[in-house]
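Working through the structure, step by step
Each chain is listed here by its residues.
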Amino acid sequence: MTSRKMSFFEFWRSKKERGALLEAANQLRLRPSQQRRLLGDSGVRAALQNTRMASLLPPVGRDVFRRFTQGHEDEEMRGSRKKNKEVLEKDGLKPASELEAGKPLPFFYGDPPPKLLNTPLEELDPYYQSQETFITLSKGNIIHRFNAEPACYLLSVSSPLRTAAIKILNHSLFSLFIIVTILINCVFMTMHDPPAWIKTAEYVFIAIYTFETLIKVMGRGFCVGKFTFLRDPWNWLDVVVIGTAYLAEFVHFGKLSVLSTVPRVLKLIPLTSGLRMTVGALVQSVKRLAGIIVLMVFVLSVFAVVSMQLFMGSLRQKCIMALWTWSTPTFGSDTTPDYDDSGNEATAFDFREFIMNETNHYYLPGQLDALLCGNSSDAGVCPEGFRCIRGGGNPTYGYTNYDSFGWSLLTMFRLMTQDFWENLVMLTLRAKGKSYLIFFMLVVFPGCFCLLSLFLAVVTMTSSEWEEPSIAEAKRNQEEFRQIVQALKTREEEEQAAGRADVSEKQDGETKTSHEEEHAEESGDDRRSCPPCCSILADLFLKWNCCGCWRWLKQWLNAFVMNPFFDLGIVICLIINIIFIAMVHYPMSVDFEMHLSVAHLVFTAIFTAEMVLKLVAMDPYGYFQVSWHIFDSIIVFLALLELAVADVEGLSVLLRVFRLARWWPSFHTYLKIIWSSLRALKNLILLLIIMVFIFTMSGMQLFQKDYKDCVCRIAQDCELPRWHMNDFFNTFLLIARIFSGQWIETLWDCMEVSGQATCLIFFMMVVVIVNLLMLNLFLTLLLASFNSDNLVGPEEKRKNNMHIAVSRVHRAVKTWILDHSCTLQGKKKNVNLDHAAVDSQEEDRKDNLALSSLTAEQRVPIASAETDFEVKMPENEEKEKKCDGVQKHLDVQQDADSKDHKGNTPEDCCGDKCYRCCPFLDIDTSQGGGRVWSNFRRSCFFIVRNKYFELFIIFIILLSSLALVFEDIHLPQHQVLKMVVETADQVFTYLFLLEMLLKWIGYGLKKYFTDAWCWLDFLILDVFLVCLMANMFGFSQWGAIQSLRTLRALGPLRALSRFQGSRVVVEVLVFSIPFMIDAVLVLNVIWLFFSIAGVDLFAGKFEYCFNETAEEYFLADAVDNKSDCIALIMMNMTEVRWKNVKLNYDNVLNGFQSLMHLAASADLMDLRYAAADSRQVESQPVYEANQYTSLYFIFFSISSFFSLNFLIRAIINSLQRDKFGGKYVFMTEEQQKFSKAAKTKFFRRPQTPVPRPQSLCRARLFDLLTSVYFEVFMVVLICLNMVPLIVETNDDSWKKEEILYWFRFLFINIFIIEFILKITAFGWRYFTDGWNIFDFLLVICSIISVFFADIIERYMFTSALWPTLRLVRIVRILHLSCARDIRKLLVAFMMSLPALFNICLVFLVIMFTFSILGMFNFPYVTKGAGIDDMYNFETFWSSLTCMFMTSTSTGWFGFLLPIMNTPPDCDPWMEHPGLTVRGDCGNEPTGTIFFTTYVILTFVLVLHLYIVVVLQAFSSEDIEVLCDDDLRRFYKTWRKFDPEDSQFIQYSKLSDFCDALRHPLRIPKPNTIKLIHMDLPLFPGDKIHCVDVFATLATQVLDDSEELGTLKARMEEVVTANSPKVSNEPISSTLQRKQEEVAAKVIQRAYRKHLQHGDTEETAVQSGDSGGGALV
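These numbers come from a predicted model, not from an experiment.

**Re the packing of helix α48 (residues 1256-1266) against helix α51 (residues 1294-1322)**
- Viewed as axis vectors pointing N to C, α48 and α51 meet at an angle of 125°, and their least axial separation amounts to 9 Å. Looking at the two axes, α48 sits oblique to α51. At the point where α48 passes α51, the crossing takes the left-handed sense. In this structure, α48 contributes R1258, L1261, F1262, L1265 and T1266 to the contact, and α51 contributes L1317, K1318, T1320, A1321 and F1322.
- In terms of residue class, the contact of α48 with α51 is made up of 6 nonpolar, 2 polar and 2 charged.

Written out as structure tokens, the structure is:
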């Protein structure tokens, strides 16, 4: 049977069931009576003898938990151990997974007596019962396994010293003591300048760690035997800690002291079993990542070599001062003659020294690196007086370059992680030209996106398997529990049916007693939640029942506070309070601030009154039973405390935002996700925290001294920069910055102060491990079973009080509108109104009835849900089904009759209402003018439906979009081009108008205006028509018309409706909008909380006094606050300005803008620096004066982590609906067929082998070329072929270049020889294999690149691309069998290509549209920040470059900053030569909306891109491939078990054989049950045939009978070629044999029982006879 793996959507939908299964499995318990019967009743044990747990239970009548007594072991016991050991070795029994060390005791054993805890006990696992081991049970029934041999050959199990050591080792207080010690030690590690007594504390820690190690050694033994101290790898940490601690007393480690501190922190992991399991799961997941990691390294290496060939040395091209009137000298000469102004030769000077001198380079203000330039037409240009020459070093201390393979590989890794990659693209394009943008487009999206998406897919599949062991164990436990309960029930029924009176009475009494005990246990469990003393105190103080008047008041207040409108009023007050909170801004007037203070007092009084009323109505006992009431009381207490304490305010106000979650299910779910993740994923979160602390401590210890001693290398003032590792907190901030994806800039500083090797190793480890942990945490949080619909509690699943109140208000408003509407229907309307009133009264009665049934003792004081349902009787359902069937049949028949008529006839032009209002429109189309009109409409209908008409419209859309490209700032200077563009615009507008008229006539107005795509065309055409009419009548210069003209950039959006793939993408996105709206609203509330907090923390604190002439801040000593700055301005110092940063928290809207920047961009430095330098309101910032404000941004990043998870959850919920719940999302039907065909081609079609030639020489050559060794040899040569490309550098000598040339020539000859040999051996069949054709083309290209390189470079393109063609040969590695997993990943990616193409098409249309919009709106914006002479919105290509770099949500704020400029930062009256436009100021609202919209759209599209790849990876995970390699490996393994080539092996060897196979045919042990169900034919002698085994195993992998038959036939050919065919016929099967064995055992058991029953009766008769004789 083929076991199909669940698809992603199936897995997503099963989360609720998996969560319920895990929760139910944790609650499995046997009652004491059931436990006694299970262990002491032989009948129950006989019923369970065929179950898995039977071997784990002790014999009947024997105690489960027995003390381990090694000293009294006799010879019989030893012989039994030896015999059991032999049986284990023979049967291959493995340890029971339920009884592994560190796991809790299985439920069917029950709880051990308290006196046996931490006491050596006999083994429960049959596997270890034959070995020298014993177990102990600690608190929580956790199993600990020990070696029974004397510890260190001295301490036996009965030794008091070892017994005490075991008790100490297993005690929870000992583990807690060690954990506290490690935590205190970690606190001491963080000290920057430790005090003198720290040495004494270190000695104390060493003593404690030594004591711990001695306890472990005495309890477990040192190294001899299993489960000893050194046999556990985690205990090696203790050895390292103690060894380094004692060694540090004699040797100074320096930077290597990290080897002593890191193991101490890692000791926290083995002290918690959950952390150990989490680390083990992560290690196993890394093994699955091996294939994708290899693929990533391979692809990045290829990209590195290609970029090295294209851009080597280009980043050294700088603008250098020009001192010559002649052309640029050659770079090879070191000394070049200089010339004076008259042209005479002057003294010689060192040209290389001149170009290397940084004082001769051109620097932009505020930049540390010289301005790059290029010599191509689209590259960067130098200012006057400077020339572009290659000289000096590379940017960023020389670390950003393509001059060698290593640096190029680092650059590509930076590009893949998208860290500051826009700066890399800008530098490269400035040096090489904008045309190379295509290279980065190909690298970023098809290249790096492919790698990241596949990596994400693999990690997602790995994360989804984390719960599989727990799920399997839960299912197994539930099945065991069901079997036990069934066996107990069956046994009880048998005993009750015995019919003996005395025994029955006795059993009835026992049953009654057991039932009473069980009832007492259950009732005791219920009462256990509250101790007796607490119950007395609760009844006395928390339940207020004083007198009758008080109870009447409570009842009245209870009805009042539980009324739905009471909750509605509270919600309204909350919303108004939040609005008042959001109105806080800077600067505020005194009156406004006073009004806000009064409002704060009013709302505090309202919520305090709410709490008091509920306390009185429900009593404190009932009030505090609800968790939301506890939260409300805390907020009220904090508000009252803030009123009592001066200068403390804001916390209670902020927490009121979260009160909305009580009545908002989605918000409640979001908070529950966070809380549930902290509980369910606590181990993964703790591991992440431990790794952060380890990296922080390691960074501080490794680089602290270097940052202090070598700071002048990275700071001109020799002061520590903002990001350094000189102390613990700053190192923590730097590690947190790496968490957010920014690591390259801090790596540059680290390499400059501490060297390249150490920094690269440290940062790469941090980046890889941190990203892996974060990705696992994110996906586990997304896919975990708790994160499902069961997070929404019952109070959220039904309507709460607020929903009931809103529904009543809605009905009342609806009734009022109907009452006051026009009475056109008279009496009929009154009847409907009466019915509506009756329904309203009935629903109100239900609500009041539900509300009146509530009491103060109930836990959730809300009204019950309003449910509208209809009771259906069975006969009504049958009638409805019949009616539905008849109606469906009639509809199908009617559709079939009118299909042709509807397909060829246009629909009615207008709707029914239109015809009723205007009857003259309804004309007779059967005669006269109506007939002519009908024929004309039919003609138009056929025209618009013709495919050539659609192709013509697509062509016109593309031409009109192309015409928009030319409307840049240079168009007015080219009059001819301007006239052509204007004429083309008019022609395209008329054509689109004609298209619309034809569709109006052909389709009709009704159909046209009911289609959303037609509405899009209509609105865009309206814009073009208005602009055309404005040009014709001379109104084009009006401001409104100018703004409307920019909307012509939306014209390319019409292309979306013309392609079916893009239509599918847009429809899916539109379909998911309703599901995302609720999530987006929740996220806005979270942002509102952080925005309000930001206003409270930073409002008015980001302003500063700035010297615009010197372009520097004033120091706080000179200008302390705004008053001092204003005083300088009043002194006529025009260069002084009091400014504010563009991103600030002066009000809530600005706070939202800042949070948008933080969430959508990795560049949060400006905000973080402004916050860190802030002091008080209107005070001059001071460098790092308020450093701990960085925690605000860290908390927001954490919230963004959960917010993104919540948003993706909403998207997946929308995609998994029935409409889009298949595997092929975002694909058309044709594309789905392509994806299935690709799957069939690459997974299901084995290649036909080339026949072996008859000629002896060709046959031997054929055997050589088809052998595995030759394939491996060629792969090695292909890898060596990369070496000449890798070792190239920018500074190679001519001798090295010559050597590399001959190496390349050698490899070309080798590959030519390979081609000649294969064409000789294979003949014409060489070209039947795609890989051979691929190799042949590469050989031809290599030959051309050697002999015709100069000609091609001169007349076609650069020769730098030719060496990269040799890299393509490495793709042949994928042909090897070891690359199966990589091929599988690539095919999964290829299967998603149609969906990716559709999304990318929409992505490109949006990028193109926004590029035109940017060119129309911001062409004249002043230069600054990210906008300069190359990257701007003046031309289409420049605008497209900016949009491309913004598409990954990075760097977009650099383009927005200049657009936000206002005077005096820009000049609104600046003249542009040759243009009528004035000013270089932007429009802040327009720019903010423009970039925000684009970032959101691209983010959603990129998110869907990743989701598509993950879906396809899941869908292809259940597909395996069998090829010739699998067949050969199978037969090779078979020959090991069948050395005589008889084609048969013994059936007893099948288990070992299946376990020895390789994936995917392998069936690992234990596999007995699976092999039995395979039902293999048995031949005489209990033998099985190899072909039958292979065919049966192949069915486990394949579900294609055709391919299975092909593989079976090929297997028979291989077997026949090696041994003659055997004609034996099978005599039985494995399943039949097992059934016979089971039947025989049943017969034997029944026969034995019959004999025992006969012996019992005979004994009874004899005893009766003897008794009778005595009486006589």
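Alright, that's what it looks like, and here's the rest.
**So, the state of the cysteines**
- One pass over the full model with this rule turns up 6 disulfides.
- The disulfide partner of C319 is C382, and the S-S distance across this bridge is 2.1 Å. In this structure the cystine formed by C319 and C382 twists about its S-S bond by roughly -90°; its chirality is therefore left-handed. Of this pair, C319 sits in strand β3 (residues 317-321) while C382 sits in the loop between α14 (351-356) and β6 (386-390), and the two are 63 residues apart along the sequence.
- The exposure class of C319 is buried, given its relative accessible area of 0%.
- You can call C382 partly exposed: its relative accessible area is 22%.
- Each sulfur of the disulfide joining C750 and C759 lies 2.1 Å from the other. The chirality of the disulfide connecting C750 with C759 is left-handed, given an S-S dihedral of about -75°. In this structure, C750 and C759 share a single accessibility class: buried.
- Taken in N- to C-terminal order, the disulfide-linked cysteines of the protein are connected 1-3, 2-4, 5-6, 7-8, 9-10, 11-12.

**Digging into the environment of F1152**
- With respect to the helices and strands, the residue F1152 is situated in helix α44 (residues 1148-1160).
- For F1152, a relative accessible area of 23% translates into the label partly exposed.
- Spatially, the C-alpha atoms of F1152 and S1091 are 6.0 Å apart, while their sequence positions differ by 61 residues.
- Those residues within four positions of F1152 in sequence are excluded, and the remaining contacts are N1084, W1087, L1088 and S1091.

**Regarding unusual backbone geometry**
- With an omega of -5°, the peptide bond running from Y586 to P587 counts as cis.
- Within the element layout of this structure, P587 appears in the loop between α22 (564-582) and α23 (590-623).
- Following P1463, the chain continues into P1464 via a peptide bond in cis, with omega recorded as 10°.
- Position of P1464 among the secondary structure elements: in the loop between α58 (1452-1459) and α59 (1484-1516).
- Backbone geometry at C718 places phi at a positive 55°, although glycine is not the residue there.
- Within the secondary structure, C718 is located in the loop between α27 (682-709) and α28 (728-739).
- One non-glycine residue, E1184, lies in positive phi territory at about 55°.
- You can see E1184 is positioned in the loop between α45 (1165-1173) and α46 (1190-1215).

**Considerations on a nonpolar patch on the surface**
- Residues Y990, M1029, M1032, F1033, F1035 and W1038 make up a contiguous nonpolar surface patch of roughly 690 Å² in combined accessible area.
- Position of W1038 among the secondary structure elements: in the loop between α40 (1012-1033) and α41 (1039-1046).
- W1038 gets classed as exposed once you look at its relative accessible area, which sits at 51%.

Analysis parameters
Residues numbered from 1 in each chain as written. Predicted model: local features only at pLDDT ≥ 70, side-chain atom pairs only at ≥ 80, totals over all residues. Heavy atoms only, no water. Axes fitted to C-alpha atoms, helices over the stretch in contact; angles between N-to-C directions. Helix = DSSP H or I, 4+ residues; strand = E, 2+ residues; numbered from the N terminus. Parallel < 35°, antiparallel > 145°, perpendicular 65-115°, else oblique. Left-handed = near helix turned anticlockwise from the far one by under 90°. Contact = heavy atoms within 4.5 Å. Nonpolar A, V, L, I, M, F, W, Y, C, P; charged D, E, K, R; others polar. Disulfide = S-S within 2.5 Å. Buried < 20%, exposed > 50% of the residue type's maximum accessible area, 1.4 Å probe, protein only. Patch = residues over 30% accessible without salt bridge, like charges linked within 9 Å, V, L, I, M, F, W, Y side chains within 5 Å. Areas by Shrake-Rupley, 256 points an atom, 1.4 Å probe, with all protein chains shown as cover. Salt bridge = Lys/Arg side-chain N within 4 Å of Asp/Glu carboxyl O.

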